[in-house]
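Coordinates in review
Below, each chain spelled out in residue letters.
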Amino acid sequence: MTSANGEDRRVIRTLIADDQEAVRRGVRRILTAQPDIEVVGEAADGLAALELAAELRPDVALVDIRMPRMDGLELTRRLAGPGVAEPVRVVVLTTFDLDEYVYPALRHGASGFLLKRSGPSLLAEAVRAAADGESLISPSVTVRLLRHVTVPRRPDRRQAAPVVPLTEREVEIAGHVAAGRTNADIAAELFISPGTVKTHVASIQRKLGVANRVGIAVHAWEMGWAAR
């Protein structure tokens, strides 16, 4: 797509998977109104979504948790989980703040989650954030829900330590990520550049074997690293 000033504009190809036709129709209406988002397909169940994703190769999939034939958790694992050769960015759609499936979905590679009652701007923001490899809509929303679905505990290095240990600085930065702070916030707090923070975040993701900042936040909350 070319913008008004002649520059090429990235278009985010998006797949919608939800068993409720009204939800799919509403999400499509919101997303197609965005100049940088294209809805390339819809599916009413998880298995159909998996087949469409293989055929269409979307950039982002919006996935409902509860669907027939294959639920959103299994679909997320197959689209974005560990070992997937060409993962698709997944944003899980959920009705409740404390949906019992949110935490496993994040573990299975979801880039984040979005409440179905969220407004149009947040829905579009969620798609853009996922496409950019970010943690969802906004870190603060993710952290608020993670506080309910994870319980900070003392580190058990035999069970939870990454294959390559984090440095003290990386542990510190992981704690700030878990507290919902952006790269700019962390840079200001630690008196380093945002670029340096970004490099550390990428290193932490690699060492922990997680796909995004949500994975870092989950691990940090479990380990009791979250900054206050």
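Our subject is the structure listed above.
Report follows, based on the coordinates. (Residues numbered from 1 in each chain as written. Predicted model: local features only at pLDDT ≥ 70, side-chain atom pairs only at ≥ 80, totals over all residues. Heavy atoms only, no water.)

Within the chain, Arg57 stands out as a residue other than glycine whose phi angle is a positive 50°. Position of Arg57 among the secondary structure elements: in the loop between helix 2 (46–56) and strand 3 (60–64). For Arg57, a relative accessible area of 33% translates into the label partly exposed. The backbone of Phe191 shows a phi angle near 60°, a positive value even though the residue is not glycine. Structurally, Phe191 is set in the loop between helix 9 (183–190) and helix 10 (194–208). (Helix = DSSP H or I, 4+ residues; strand = E, 2+ residues; numbered from the N terminus. Buried < 20%, exposed > 50% of the residue type's maximum accessible area, 1.4 Å probe, protein only.)

Of all hydrophobic cores here, the largest spans 25 residues; its most connected members are Ala61, Val63, Leu75, Leu79, Val90, Val92 and Ala105. Secondary structure elements with two or more residues in this core: strand 1 (12–17), helix 2, strand 3, helix 3 (72–80), strand 4 (89–94), helix 4 (102–107) and helix 11 (213–223). Ile186, Val201, Ala217 and Met223 belong to the second largest nonpolar core, which has 20 residues in total. (Core = buried A, V, L, I, M, F, W, Y, C linked by side-chain atoms within 4.5 Å.)

On the basis of which strands lie adjacent, the open sheet formed by five strands has the order 2-1-3-4-5 and parallel pairing. For this open sheet the edge positions go to strand 2 (37–43) and strand 5 (112–115), each flanked by a neighbour on one side alone. The sheet shows a mean angle of 25° between the axes of neighbouring strands, taken without regard to direction. Where strand 3 lies against strand 4, five bridges are found, and the strand directions are parallel. (Pairing = 2+ DSSP bridges. Axes fitted to C-alpha atoms, helices over the stretch in contact; angles between N-to-C directions.)

This part covers the environment of Met223. You can see Met223 is positioned in helix 11. With 52 residues separating them along the chain, Met223 and Val171 place their C-alpha atoms 10.0 Å apart.

A few words on the pairing of strand 1. Most of strand 1 is tucked away: five of the six residues are buried. Following the backbone out of strand 1, through helix 1 (residues 21–32) and into the adjacent parallel strand 2, one traces a crossover that is right-handed. Across four bridges, the pairing between strand 1 and strand 3 is parallel. Each residue of the ladder has a partner; that of Ile16, found in strand 3, is Leu62. (Right-handed = clockwise from strand over helix to strand, strands pointing away.)

A word on the packing of helix 8 (residues 168–178) against helix 10. Where helix 8 meets helix 10, the closest approach of the two axes is 10 Å, and the angle between their N-to-C directions is 95°. One element, helix 8, and the other, helix 10, form an angle in the roughly perpendicular class. Of the residues in helix 10, those in contact with Arg169, Glu170, Ile173, Ala174 and Val177 of helix 8 are Val197, His200, Val201, Ser203, Ile204 and Lys207. Within the contact of helix 8 with helix 10, the residues separate by chemical class into six nonpolar, two polar and three charged. (Parallel < 35°, antiparallel > 145°, perpendicular 65-115°, else oblique. Contact = heavy atoms within 4.5 Å. Nonpolar A, V, L, I, M, F, W, Y, C, P; charged D, E, K, R; others polar.)

This part is about the pattern of salt bridges. Throughout the structure, instances matching the rule amount to 13 salt bridges. Note that Glu42 and Arg28 form a salt bridge whose closest N and O atoms lie 2.3 Å from each other. Taken together, the residues span a long stretch of sequence, with Glu42 in strand 2 and Arg28 in helix 1 at a distance of 14 residues. On the basis of relative accessible area, Glu42 is assigned to the partly exposed category, the value being 29%. On the accessibility criterion, Arg28 (30% relative accessible area) is partly exposed. For Asp64, the salt bridge is made with Lys116, and the minimal N-O distance between the two is 3.2 Å. Taken together, the residues Asp64 in strand 3 and Lys116 in the loop between strand 5 and helix 5 (120–131) connect sequence positions 52 residues apart. Taking the relative accessible area as the measure of exposure, Asp64 reaches 5% and is therefore buried. (Salt bridge = Lys/Arg side-chain N within 4 Å of Asp/Glu carboxyl O.)

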